[in-house]
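Results of the structural survey
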Amino acid sequence: MGEALIKGILAQGFEPVHITVSEKDAARRQYLQKEYGIAVAIDNVALVEQSEIIILAVKPQNLSAVVESFALKLGREKILVSILAGVTLAKLEKLLPEGSKVVRVMPNTPALIGEGTAVLCGGTNVTEEELQAAVDIFAAVGSASVLPENLFNAVTGLSGSGPAYVYLMIEALADGGVMAGLPRDIAYKLAAETVKGSAMMVIQTGKHPGQLKDLVCSPAGTTICGIREMEKAGVRGALMDTVLASARRAGELS
């Protein structure tokens, strides 16, 4: 996700010289510097000292050790942006000196191709202008919006985990195509492009998904027969339960 953000920010015209990465793996550090022309720091402290906005992109289990390494260098003028799943603003602020500015973000993996969806919320000491600066960063790799933190478990269940559900649906649609006689490669291509096109119809037309569904369902036609099978199988309810299960797990992790 960190690399996706680098790609997106650079694509928006941001100068590589203004981006610095702290990466403990030497090979990875050299790759990032060579691939994107960005600066690298020898450690987290050096990075924090020279940066205005710090994006924390580490595994949640490494949170305490990483934050403790630079906490005293953060100061009240810098902004720490966390993309760690299940880590609340309160937990982050507790690890940092009083008055520290923290922003929490729930991104998703399509950010890797510039089609991500991110939701942000600001901590106690973050101004609207500072929060907007964080929003602008994530808008460079897709869409970004601000929501209250009490909705983040639901966001995690829907958009954070959602790409995996869509991949499963694409795979299942393709399997159906293969059962109906299509070659495997063509089935995957048709399934993926159908999902993409349908999603864009919802976004660009602004119409309710049910309304768009009805436009495809001719009386006594092929589509309504397929819809009936989905309803018999409880697909709608299963998808709702999937999001709820993920949201509950996000709450447990928090």
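Described below are features of the structure shown in this document.

What counts and how
Residues numbered from 1 in each chain as written. Predicted model: local features only at pLDDT ≥ 70, side-chain atom pairs only at ≥ 80, totals over all residues. Heavy atoms only, no water. Helix = DSSP H or I, 4+ residues; strand = E, 2+ residues; numbered from the N terminus. Buried < 20%, exposed > 50% of the residue type's maximum accessible area, 1.4 Å probe, protein only. Contact = heavy atoms within 4.5 Å. Areas by Shrake-Rupley, 256 points an atom, 1.4 Å probe, with all protein chains shown as cover. Lys, Arg positive; Asp, Glu negative; His and termini not counted. Charge placed at Lys NZ, Arg CZ, Asp CG, Glu CD. Phe/Tyr/Trp six-rings, centres within 6.5 Å; stacked < 30°, edge-to-face > 60°. Axes fitted to C-alpha atoms, helices over the stretch in contact; angles between N-to-C directions. Parallel < 35°, antiparallel > 145°, perpendicular 65-115°, else oblique. Left-handed = near helix turned anticlockwise from the far one by under 90°. Nonpolar A, V, L, I, M, F, W, Y, C, P; charged D, E, K, R; others polar. Pairing = 2+ DSSP bridges. Salt bridge = Lys/Arg side-chain N within 4 Å of Asp/Glu carboxyl O. Core = buried A, V, L, I, M, F, W, Y, C linked by side-chain atoms within 4.5 Å. Patch = residues over 30% accessible without salt bridge, like charges linked within 9 Å, V, L, I, M, F, W, Y side chains within 5 Å.

Within the protein, the secondary structure is distributed over 12 helices and seven strands. Principal-axis analysis of the C-alpha atoms places the extent of the protein at approximately 70 × 40 × 30 Å. In the protein, buried positions account for 33% of the 254 residues. Within the protein, contacts between residues at least 6 apart in sequence are counted, and of these 57% link residues at least 24 apart. As displayed, the protein offers around 15200 Å² of accessible surface, 58% of which is attributable to carbon and sulfur atoms. Within the protein, one finds 23 positive and 27 negative side-chain charges whose respective centroids are separated by 5 Å.

Before going further, it helps to spend a moment on the packing of aromatic side chains. On inspection of all chains with the given rule, the structure shows one aromatic pair. Between Tyr31 and Tyr36, the aromatic rings sit 6.4 Å apart at their centres with planes inclined by 80°, giving edge-to-face as the arrangement. Judged by relative accessible area, Tyr36 falls into the buried class, the value being 12%.

In helix packing, the relevant descriptors are the interaxial angle and the interaxial distance, both defined with respect to the helix axes. Interhelical geometry of helix H8 (residues 162-179) versus helix H9 (residues 184-205) gives an angle of 135° and a closest axis separation of 8 Å. Taken as axis vectors, H8 and H9 run oblique relative to one another. When you trace H8 past H9, the crossing you get is right-handed. On H9, the residues touching Val166, Ile170, Glu171, Leu173, Ala174, Asp175 and Val178 of H8 are Arg184, Ala187, Tyr188, Ala191, Ala192 and Val195. Its residues assigned to classes, the contact of H8 with H9 shows 10 nonpolar, no polar and three charged.

Reading across from one edge, S3-S4-S5-S6-S7 is the order of the five strands in this open sheet, with mixed pairing throughout. The open sheet has two free edges, formed respectively by strand S3 (53-56) and strand S7 (142-146), since each of these has just one partner strand. Looking at each pair of strands side by side, their axes are set apart by 25° on average, direction ignored. As defined by bridge partners, strand S6 (residues 116-122) adjoins S7 across five bridges and the pair is classed as parallel. Opposite Gly116, over in S7, you have Gly142 as the bridge partner. Here helix H4 (residues 63-74) sits on the sheet in contact with S3 and strand S4 (79-82), set at roughly 170° to S3. Contacting S3, S4, strand S5 (101-106), S6 and S7, helix H6 (residues 128-139) runs over the sheet at an angle of about 155° to S7.

Evaluation of the coordinates by the stated rule reveals 11 salt bridges. Among the salt bridges present, the one from Glu149 reaches Arg104, with a minimum N-O distance of 2.8 Å. You can see Glu149 sitting in the loop between S7 and helix H7 (152-160) and its partner Arg104 sitting in strand S5, a full 45 residues away along the chain. For Arg104, a relative accessible area of 3% gives the class buried. Put simply, Arg184 and Asp175 hold a salt bridge, and the shortest N to O gap is 2.5 Å. Using a relative accessible area of 31% as the deciding quantity, one classes Asp175 as partly exposed. Salt bridges sharing common partners tie together Arg228, Glu229 and Lys232.

Below, the discussion takes up the nonpolar core. The biggest cluster of nonpolar side chains holds 25 residues, and the ones touching the most others in it are Ile6, Ile38, Val81, Val103, Val105, Leu120 and Phe138. Only helix H1 (2-11), helix H2 (26-36), S4, S5, S6 and H6 provide two or more residues apiece to this core. Here Ile6 is in contact with Ile19, Val21, Tyr36 and Ile38, once residues within four sequence places are set aside. Grouped together as the second largest cluster of nonpolar side chains are 24 residues, Ala46, Leu63, Leu74 and Leu80 included.

So, about the environment of Ile224. Among the structural elements, Ile224 can be located in helix H11 (residues 222-233). For the pair Ile224 and Asp214, spaced 10 residues apart in sequence, the C-alpha separation works out to 8.8 Å. Excluding residues within four positions of it along the chain, Ile224 makes contact with Cys217 and Ser218.

What follows deals with a nonpolar patch on the surface. Judged by side-chain polarity, Leu182, Ile186 and Leu190 come together as a nonpolar surface patch covering roughly 230 Å² of accessible area. Considering the arrangement of structural elements, one finds Leu190 in helix H9.

The analysis is restricted to geometry; functional conclusions fall outside its scope.
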